[in-house]
Structures are given as C-alpha cells and as structure tokens.
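# What the coordinates show
Chain residues, written in single-letter form:
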Amino acid sequence: MFSNLIKHSLRSFKRQRAYIVINILGLSIGIACSLLISLYVINEASYDKYNTKRDRIYRAILNGKIGGQEVTVASSPAIMGSTMLKEFPEIEDFLRMNGSGPTVIEYNNQTFTEDHLVEADSSFFNFFSIPVLKGDPKNLLNAPRKAVLSESTAKKIFGNENPIDKPIRIGSDSVRYTVTGVMADIPQNSHFEANIISSFMTNPRSKNTVWMSNSFSTYFLLKPNSSYKTVDAKFPELMLKYVGPEVQQFMGISLADFEAKGNKYRFYLQNLSDIHLDTSIQQDFKAPADPKYLKIFGSIAILIVLIAAINFMNLSTAQASRRAKEVGIKKVAGSTRGMLVAQFLSESFILSFISLILALIFIKATLPYFNNLLGANLVLSLFASWYTIPILLLFSIFVGLLSGGYPAFFLSSFNPYEVLKGSVKNSMQNGRLRRVLVVFQFAVSILLIVGTMIMYRQIKYMLNKDVGFNKEQLIVINRAEALGTKMKSFKETVKNIPGVVNITSSTAIPGRTNNNNGYMMEGRKDETFLMTTSWVDYDFLETYGMALVSGRSFKESFTSDKDACIINESAVKDFKITDIEKARFMEPRDSGKVNYLPIIGVVKNFNYESLRNPIGPYILKFQNDNMLWGYITVRLSAQNYSKTIIAIEDKWKEFVSNNPLQYYFLDADFEQMYKQEKQNAQMAVIFSILAIFIASLGLFGLTSFTVEQRTKEIGVRKAMGSSVAGIYIVISREVIILVSISAIIAWPIIYYIAGKWLEGFYYKINPGVFSFVAGLGIALGIAIITISYRIMRAAMVNPAQSLKYE
C-alpha cells in the first residue's frame, strides 16, 4: 500500500512542478532557519553542561546596597571559602578564581601574549571536568608559582617539547613559574576562558582576611543530597559573625543599624548552570547571554516554519479546483476518504523530507558564516548522538503534518457527485482562509522588519550618543604595571613624540571599571555612600576631554590634591551635597584610622558603563607614584596615526624590552559593549529577509494561480476596453489591502515587544512612527514587485487568446 501511495504522489508531482518547486524552496529555507536558530539557542542554553558535578557546584553572589546604590556581583572575600568549609557541613570543597586580562608569557627569550589567564585554587580540577593530559592532577596548583597550560597554549609555546617542569615567566613577575601540567582546551561553552591557570596562592591577596574586601569568585561544591537553600539560610548568621565587627570598625555602627537604614550586605548561591543566562549579575569572566534574545529567536524560528507551512497550505487549497476531478474519480472508483488523506499526507511528507535534506545542505554550507557572525562554534553533528537523526525525522514529519494536514482533509472532503458535475465553486470559499493566512505571513514579516529597524536605530544611537568625553583618537595601553617605577618617565617621554596630544595613567577607564568602594561623609556619619572608584593622574580629565561643572582638576602645584577627590554630577545629586567646598568624604582604613577626602571639583557626568545602565556616583582619586598598575591612555592627533603608534612602540621597547606593547582603540572597545546587540540585529536582518522571501514565494505562487483562474476575466476586461494599468490595479488591489491589514495587526504587537526590549536600556530611542511606516512600505514594495511580473504578463496577452483559455 505504501508503494502505491508513493506512485500516486509522484504522478501528482509531475502535474504540479512549479508549485512543488515553490513549496520545497519555502519549506527548505524555513526548516534551515529554524534548525540554525535551534543550534544557537541550544548552544547558549547548554553552557557548563560538560561539568559532571554541575548540579552540586554553586557560586557565591554578593548583593549589596549602600546609600541607595545597589550592586549584584560575583565577588567574594578571599577568606570566605575556607571559613565556610569549616563551619558548613553541607560544603564538600571550595574554589577561588581570579581572571586577568592579556598577559605576556616568556620562555627561552621568546614572548607570547595570552588573553585569558586565571588564578585558581588546587581544587580547580575537582570542580570542572577538564581532562588533565600531562602532570599529576593532585599536585598541579598546590604551591605558589605553579601553572597549568591548555593544550593549544602548550603547543604554541613549547612546540613538540615536553613542557612539564619547564620555567616560564608570567607577566612582570621576576620569579619564574613552573609548568606542572597540560589540560585539554577549555570548552567553548564554558562561562570562563583560560589558556593558563596559575596557582591562586601566588597572589598575595589570597591571604586577605578582610570580609568586606570582595575581589574574587568563590565556588562551592555541595555534598550529595545537600540543598543550596540550607546554605543560603545560614548566610545571615555568617554575616553577623564576620562582617558585623568590620562594619562596626569601619563605619562605627552595628550591622543591624546598617541594614535598618535601608542598606544591604548579603550573599546567596547561584548554580553553575544558571551563570551564563543571568544578566542581572556583574561577571568577572564571559559576559552572559541575555535570555530574552533566546526567546525572541526561538519565536522567530517557529514563525518562519509557520510561514513556510502556510505557503504549502495556501498553494494546496488554491489548486482545489484543479485536483477536484482527481478526487471525484478516485472516490467513484472506490477510494475512501482515509485513503485520499493518506495519499495527500504522503505527498506532504515526501516534500518535507526533501526540504529537510536541502535544509541540512544549506546549514552545512552557511554554518561557518554564522559562527563568524556570532563568535560561536556551532557544529552540525548528525551522528554525534543516537537521537539526532530520529529527532530530525520527527521534525520533518511534524512539518509535513503541519503543512499538509488541512489540505489533505479539505481535498478529501469533496463530494464526487458535485465534483464530476463541475460544481466545485464551493471550494473557492476557502479563499477567505487563504487571505487570512497571507495576512498572517505578512504580519510576521512586517513585525520582523520593524523590529530589526528599531534594533538598528537603538544600536546607532548608542554608538553615536555623547558619552561625556571624547572617545575618538584614544589608544589605551594595557598592563601599565609592566613599566614598574618607570611609568612617570615613560609618560614624559611619550608626551614629546610628534602626534601625541596628551597622555595619562589611571587604574580604570570608561568601559572597564574595577572598583566599587564605600565611603562616609563628614558630618553624616550614620550614612554610607557607594561609588565607582578610579585613581587618576594630573592629565586624566584633559586627555579624555571631560568637562568640569565646578571646581578644578588635580594640580601638581597643590600638594594637598594627593589626598583630595573629584566626583561626578550623579554623586552630588544622589548624595544631596549642597556645599561642595566644605564637603569631605571619609575613607576608613584597616588600621582603624580615617582618611579625609576634600572635594576639589565636580566633573560632568560621563558614561563609564554601557548605555544599558544609568550613570551612578563616580569618584576620581589621585594616583600616587606607588600605584603601579592599570592603564595608560594616549590621545593622538588626527594625522599619521600609524606613524605615531610605531614611535610609541619604539619607546615602549626602550623601557620594557621583553614585554610587547598591548593596546587598543577606546572607541572600538566601547563598541564591543554592544557586540551582542549588533550580532542579534544582524541575525534579525537575515531572518527577516528570509521570512519575507518565503512569504513572497507563496504570494508569487498564489498570484500565478489567481491570474490563471482569471485569465478569461482578464480577456473580457481587455476586450471591453480596460487598460493594462486598470487590470493591474484590479488584481493587485487585494494584495495591497491584505498587506495593509497585516501592518495594522503587526504594529501594536511589535510596539509592545520593542518597548519591552528597550526597557533593558536606560538610554534609549523613542520607537517613533518612521519604523512602523517604513516596515509597511518595505512589505508593500516587496509584495508589489513579487506580483507585478505575473499580472503584467497576463494583462498584455491578446484578449482573443485569453477568451479561448479553459
């Protein structure tokens, strides 16, 4: 019976070649889009799934609120892990990690730059399922100055030489590290990146016992059958025991009084599997993916498949009159409705399977492009898991059923008596359903077009907005600590290079903040104020082109400026500072003493973070000569960029011969903050184009069929004196009306969705009217172009020939 169904289906295909091609093309593109998006969504949702102990691994999260400023960060004190291991029976082990930026590695007088160096405790390989390829897993990081290299890094530095027990220099540390192991490369779907892991105990701050000094990521491995909720419930008591005395020492109030004033200082645990999709937490490692984009693209995948399926439904039901006689004859010959449904569904399944094959070929060909676009490593592995091919086949059957289900039951429902008598006009009542489906297709297309335009407008706004300083023509040199005590003389030397406008050093720069500190204010001892903190030299404001609202910048002629500060407008407003000249911040020290910081100036607000966030209070303190870390920023003149940079590199080599200069352009780095938005906007453009292309394919097929059905009518109209333009308007009018109705349906939906998306940005555009009208205009233009050829061709046929058409 199955072979007979195949034979009948193939005979049917021969009679409908043009429509079959349109259906296969639409379905294959729709399936390819949905599978590509599914690969992306599954990849993002499967971060850290390679860890066999992931259900028992949790990270400590600090949620603090001081003076109305709230932060949620993946930072904790160095002492937390060992203390909780002793006092919490639910904890089996702990791990501290600390990431650093690009680092220079030196071996045998050769230097290599590694982007991802991580300091970690010896328990690292007990937490993460990373295979150790060489070395003793028990003794890899259990002493200072030990290092484990990734397989690719070991190959790059040592070639075919065995790296075990070889000495390497890391960064500016004069004491060599010993390579104790080689591990497999960290999986791409891990929430952190590491080419080199060095022993955490090498860091002097690893012995810091201050609970309010939160600098590291701490992970906990819970014992089997232990609940993280039990641990969370014990944190308040832990805070009271260890943080309470420090609050009393530094702020002069009890922890209870501190919290009674609306402040917060609490920790909670976050499961490893939740890290990558949580944007509410400031991360030290990879930036998290926004789960709302996964929902958006997941919805797009479903909608594109629906558009392709609707094409099939529309074209199948549109040809009802053409296949009606076939149905009538088969029913008279003894075919039951069930047999006819089986035949029509088999046709649909065959087309769906062919489309799946073409879709897989399309994905294989375009996957490198998508990986490049997303910075991902998506892989289409059909044989990696036993269930992959069965799932694809089930998906193909589902698409076939979705596409062909209604047409199969509709076509098989014809009454053979009515059909053979020629009364098939009732079938044309389904023109109403076809119009509804066309409206749905173009509503989705307009929704995608308008949404994409709003995304691009928001990105353009973020890239071009005045951020409160001049980010053009600035290069930032990483690892200022490599200069050591020569930093000041290096700046003076570089400043004399032709093409250098100014130079400055600082511990943080816009886009890369690294300190949030609590302060008190003289005369307001019961209040605490949290501010983003940066230490800067005399030329910082001038180099960055920042404007002062009042007061002055740091001046070398004022020796007292080394103990002063500059704050931004947000600090003045949020802390309700009325008299700048008399106000002094108080900074508690570990010794119990207090540093007083008079305010000498107020800088105009500048965006030191992404435009997703409002500008919070910011304090600039003077960078003393003993603060030998951070960044050096150089402002270049507009001419001879490359020549000036080469000159700076030459000077760097004179000061630091064994460390290559590492720098980047600040404006390009700022753009990287919106990398995810740019990638997703590009994806949205691609899928919008494909969605409207699929919809246009269906519209082209429907128009071809409509013109075919109305050939005699067109001939009559021409014979009665209608012009080509008149006939074009009559036939295209319905399409214009349907697309306009689609826009009316799509507009409120996309207005709501765009509004929710824009809520993620503190600084944002107004969606306005333009994008919505432009979306309608683009959809109308594409629809009109799609149908024009078929209509014009039919309208220009000789009416005598049209009147003979049957």
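Residues numbered from 1 in each chain as written. Predicted model: local features only at pLDDT ≥ 70, side-chain atom pairs only at ≥ 80, totals over all residues. Heavy atoms only, no water.

### Quick word on the packing of helix H14 (residues 487-495) against helix H17 (residues 641-655)
Threshold: Helix axes are fitted only over the stretch in contact, all axes being lines through C-alpha atoms; the angle between N-to-C directions runs from 0 to 180 degrees. Where helices and strands are cited, they refer to DSSP runs of H or I of at least four residues and of E of at least two residues respectively, numbered from the N terminus. Angle categories are assigned with fixed cut-offs, so that under 35 degrees is roughly parallel, over 145 is roughly antiparallel, 65 to 115 is roughly perpendicular, and the rest are oblique. Working rule for handedness: look at the near helix, and if it is turned counterclockwise from the far one by less than a right angle, call the crossing left-handed; if clockwise, right-handed. Whether two residues touch is decided by their heavy atoms; if any such pair falls within 4.5 Å, the residues are in contact. All residues other than Ala, Val, Leu, Ile, Met, Phe, Trp, Tyr, Cys, Pro, Asp, Glu, Lys and Arg, Gly among them, are scored as polar; the first ten of these are nonpolar and the last four charged.
Close contact between H14 and H17 brings their axes to 10 Å; oriented N to C, the two are set at 150°. The angle between H14 and H17 falls in the class roughly antiparallel. For the pair H14 and H17, the sense of crossing is right-handed. Contacts between H14 and H17 involve Ser489, Phe490, Thr493 and Val494 on the former and, on the latter, Ile648, Lys651, Trp652 and Phe655. Counted by class, the contact of H14 with H17 contains five nonpolar, two polar and one charged residues.

### Re the layout of surface pockets
Our working definition: Only protein atoms enter the 1 Å grid used here, on which a cavity is any set of points holding a 1.4 Å probe that cannot leave and a pocket is any open set flanked by protein within 12 Å on both sides along at least five of seven lines; residues with an atom within 4 Å of a point are listed as lining. Grid points are joined across faces, edges and corners, and a volume is the space filled by probe spheres set on the points.
Reported here for the second largest pocket is a volume of approximately 720 Å³. Every residue lining the second largest pocket is counted, 22 residues in all, and those nearest its centre are Leu39, Ile42, Val379, Ser381 and Thr388. Only helix H2 (17-45), helix H10 (337-374) and helix H11 (388-411) provide two or more residues apiece to the lining of the second largest pocket. A class-by-class count of the residues in the lining of the second largest pocket yields 14 nonpolar, eight polar and no charged.

### Points about unusual backbone geometry
Rule in force here: Here's how the labels work: a residue is buried when its accessible area is under 20% of the maximum for its type, exposed when over 50%, partly exposed in between, all with a 1.4 Å probe on protein chains only.
A positive phi angle, near 60°, is found at Gln473, a position not held by glycine. For Gln473, the location among the structural elements is in the loop between helix H13 (431-464) and strand E14 (474-477). The class for Gln473 is partly exposed, based on a relative accessible area of 25%.

### Notes on the environment of Gly26
Mapped onto the fold, Gly26 is located in helix H2. Judged by its relative accessible area of 1%, Gly26 is buried. In this structure the C-alpha to C-alpha distance between Gly26 and Leu697, which are 671 residues apart in sequence, comes to 6.9 Å. Residues contacting Gly26, with those up to four places away along its chain left out, are Ala308, Ile694 and Leu697.

### So, the packing of helix H3 (residues 80-87) against helix H6 (residues 228-251)
Two elements in contact, H3 and H6, have axes separated by 12 Å at closest approach and are oriented at 115°. Judged by the angle between their axes, H3 and H6 are roughly perpendicular. In this structure, the crossing between H3 and H6 has a hand that is right-handed. Side by side, H3 and H6 meet where Met80, Thr83, Met84 and Glu87 of the first sit next to Val231, Phe235, Leu238, Lys241 and Tyr242 of the second. Tallied by class, residues from the contact of H3 with H6 come to six nonpolar, one polar and two charged.

### Regarding empty space enclosed by the protein
Across all of its chains, the model carries two cavities of 30 Å³ or more by this definition. Volume-wise, the second largest cavity comes out at about 30 Å³. Around the second largest cavity sit Asn607, Tyr608, Glu609, Ser610, Asn613, Pro614 and Ile615, which together line it.

### Focus on the pattern of salt bridges
Here is the rule we go by: Salt bridge, as used here: a side-chain nitrogen of Lys or Arg that lies within 4 Å of a carboxyl oxygen of Asp or Glu.
Under the criterion given, the structure shown has 20 salt bridges. When the shortest N-O distance is used, the salt bridge between Asp121 and Arg96 registers 2.9 Å. Taken together, the residues Asp121 in the loop between strand E6 (117-120) and helix H4 (124-127) and Arg96 in strand E3 (residues 91-100) connect sequence positions 25 residues apart. Assigned by exposure class, Asp121 and Arg96 land together as buried. With a shortest N-O distance of 2.8 Å, Arg512 and Asp669 are connected by a salt bridge. Separated by 157 residues along the polypeptide, Arg512 in the loop between strand E15 (500-506) and strand E16 (516-521) and Asp669 in helix H18 (residues 666-672) bring together distant segments of the chain. Arg512 gets classed as partly exposed once you look at its relative accessible area, which sits at 28%.

### Some points on the side chain of Ser396
Secondary-structure assignment places Ser396 in helix H11. The exposure class assigned to Ser396 is buried, which follows from its relative accessible area of 4%. Setting aside residues up to four positions removed in sequence, Ser396 forms contacts with Ser352, Phe353 and Leu356.

### A few points about the pairing of strand E10 (residues 177-183)
Put simply, the rule reads: Strand pairing is assigned whenever DSSP detects at least two bridges linking the two strands.
Burial analysis of E10 places six of its seven residues in the buried class, the great majority of the element. Of the strand pairs in this sheet, strand E8 (residues 146-150) and E10 are connected by five bridges, and their pairing is parallel. Bridge assignment links Ser150 to a residue of E10, and that residue is Met183. Sheet topology places strand E9 (residues 167-170) next to E10; two bridges connect them, and they run antiparallel. Counterpart to Ile168 in the pairing with E10 is Tyr177. The turn joining E9 and E10, which pair antiparallel and follow one another in sequence, is formed by six residues; a positive phi near 65° is taken by Gly171.

### Re the side chain of Asn680
Summarising the element assignment, Asn680 is placed in helix H19 (residues 675-709). Once residues lying within four places of it in the same chain are set aside, the contact partners of Asn680 are Tyr40, Tyr293, Phe297 and Met455.

### Structural notes on the packing of aromatic side chains
Selection rule: Geometry of aromatic contacts follows a simple scheme: Phe, Tyr and Trp rings, the Trp one being its six-membered ring, pair when their centres are within 6.5 Å, and the pair is stacked under 30 degrees between planes, edge-to-face over 60, tilted otherwise. A ring is scored as having a charge over it whenever the NZ atom of a lysine or the CZ atom of an arginine sits within 6 Å of its centre and within 35 degrees of its normal.
Tallied over the entire structure, the rule returns 36 aromatic pairs. A centroid spacing of 6.1 Å and a plane angle of 35° characterise the contact between Phe235 and Phe267, whose relative ring orientation is tilted. A residue pair is termed long-range when its members are at least 10 positions apart, and Phe235 in helix H6 and Phe267 in strand E13 (residues 264-271) qualify at 32 residues. Assessed through its relative accessible area of 1%, Phe235 is described here as buried. Relative accessible area serves as the criterion here: at 3%, Phe267 is assigned to the buried category. Taken together through their ring pairs, the aromatic side chains of Phe469, Phe540, Tyr544, Phe606, Tyr608, Tyr618 and Phe670 make up a single cluster. Sitting over the ring of Phe88, Lys234 keeps its end group 5.5 Å from the ring centre. Between the NZ or CZ atom of Arg552 and the centre of the ring of Phe558, over which it lies, the distance is 3.9 Å.

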